[in-house]
Amino acid sequence: QGIIDFAPEMLVQIVGKAQAAQAAAAAARAARDMVRRKTLLTSTVLPGKLADCASSKPEESEIYIVEGDSAAGSAKQGRDRRTQAILPLRGKILNIEKASTDKIYANTELQALISALGLGVRGVEFDMTTLRYHRIVIMTDADVDGAHIRLLLLTFLYRYQKELLENGFVYIACPPLFKVSGRRGGKTNTDQYFYTQEELDKHLKDRESTGQGAPNIQRFKGLGEMMPQQLWETTMDPSKRTLKLVTIEDAAAADRLFTVLMGDNVMHRKHFINSNAEKMKLSDLDF
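A few points on the structure. This one's a predicted model, so the numbers in the text were calculated from it and none came from an experiment. (Residues numbered from 1 in each chain as written. Predicted model: local features only at pLDDT ≥ 70, side-chain atom pairs only at ≥ 80, totals over all residues. Heavy atoms only, no water.)

### Side note on the packing of helix α4 (residues 108-117) against helix α5 (residues 144-160)
Thinking step 1. Running from amino to carboxyl end, α4 crosses α5 at an angle of 60°, the nearest separation of the two axes being 13 Å. The angle between α4 and α5 places the two elements in the oblique class. Crossing angle aside, the handedness with which α4 passes α5 is right-handed. Residues Leu 110, Leu 113, Ile 114 and Leu 117 of α4 pack against Leu 153, Phe 156, Leu 157 and Tyr 160 of α5. (Axes fitted to C-alpha atoms, helices over the stretch in contact; angles between N-to-C directions. Helix = DSSP H or I, 4+ residues; strand = E, 2+ residues; numbered from the N terminus. Parallel < 35°, antiparallel > 145°, perpendicular 65-115°, else oblique. Left-handed = near helix turned anticlockwise from the far one by under 90°. Contact = heavy atoms within 4.5 Å.)

Right under this line is the structure:
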């Protein structure tokens, strides 16, 4: 009878000790994981696919984040090796708006990106001294897939380390859409590059009005189609290129928009698309 009388109290103590042991084990596991993450993400070992630049000065160094090995090949050959680094990514990266912290750190592409940039662990106060490049350039194809990859990268940078955008470190490269080859003014063949359909149409109209022959027009389907020298002259040469600085004028509005576009709530996203579809122009997809 005595054992039965004390059974509830003993049961409470047993459960309490079991819960405490479980909490301690979880805390120890989380601590080990954090140590592993810090070791991985703050290590001086850089991802193997990173073609780094020679300069060790972040203020003069820049990194081009490109999609695929094909575009990376042209960018690596055409770049200024002293100040320009190239990091290729395979396909579309993880949407971290929907992903847990564990999935972020388990993702190979994001691990490479975090290590290459020197971002450290998520949630830790931004330390600019660990940033390896002061110009982070997103260079993707000028099509719908390229726009999606660009949005995923911007989502990652904004959610992982928002200060990168707030301090003006993030840019978007503007590669040309068309190459026009043909005789110009009675001279030998020349190549001209155009960045929008409107620019091309105006050029063709001007040629027609001056009686010049029909040129050869090439539509670049991707950066990988461009020769290294072409990519350098049109998109990577600091004296000629066009880079668009990514800014956040209203952080609260940007936060809401990322949540709508990249979050889990499909109905909110559907409503946003239905409400804004008529306002969108095809040219908005290019850059």
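### Quick notes on the packing of helix α2 (residues 68-78) against helix α8 (residues 228-236)
Thinking step 1. Packing of α2 against α8 brings their axes to within 8 Å, and their N-to-C directions diverge by 80°. With respect to each other, α2 and α8 are oriented roughly perpendicular. Residues Ala 71, Ser 74, Ala 75, Gln 77 and Gly 78 of α2 touch α8, and the partners they reach there are Pro 228, Leu 231, Trp 232 and Met 236.

### Some thoughts on the environment of Ile 114
Thinking step 1. On the secondary structure map, Ile 114 appears in helix α4.
Thinking step 2. Measuring from C-alpha to C-alpha, the distance between Ile 114 and Pro 47 comes to 9.6 Å, with 67 residues separating the pair along the chain.

### Overview of the pattern of salt bridges
Thinking step 1. Using the criterion set out here, one finds eight salt bridges in the structure.
Thinking step 2. Close ionic contact of Glu 109 with Lys 49 constitutes a salt bridge, the shortest N to O distance being 2.7 Å. Taken together, the positions of Glu 109 in helix α4 and Lys 49 in the loop between α1 (2-41) and β1 (62-67) put the pair 60 residues apart, joining distant regions of the chain.
Thinking step 3. Lys 49 sits in the partly exposed class, given a relative accessible area of 28%.
Thinking step 4. A single network of salt bridges, built from pairs that share partners, joins Glu 62, Arg 135 and Arg 241. (Salt bridge = Lys/Arg side-chain N within 4 Å of Asp/Glu carboxyl O. Buried < 20%, exposed > 50% of the residue type's maximum accessible area, 1.4 Å probe, protein only.)

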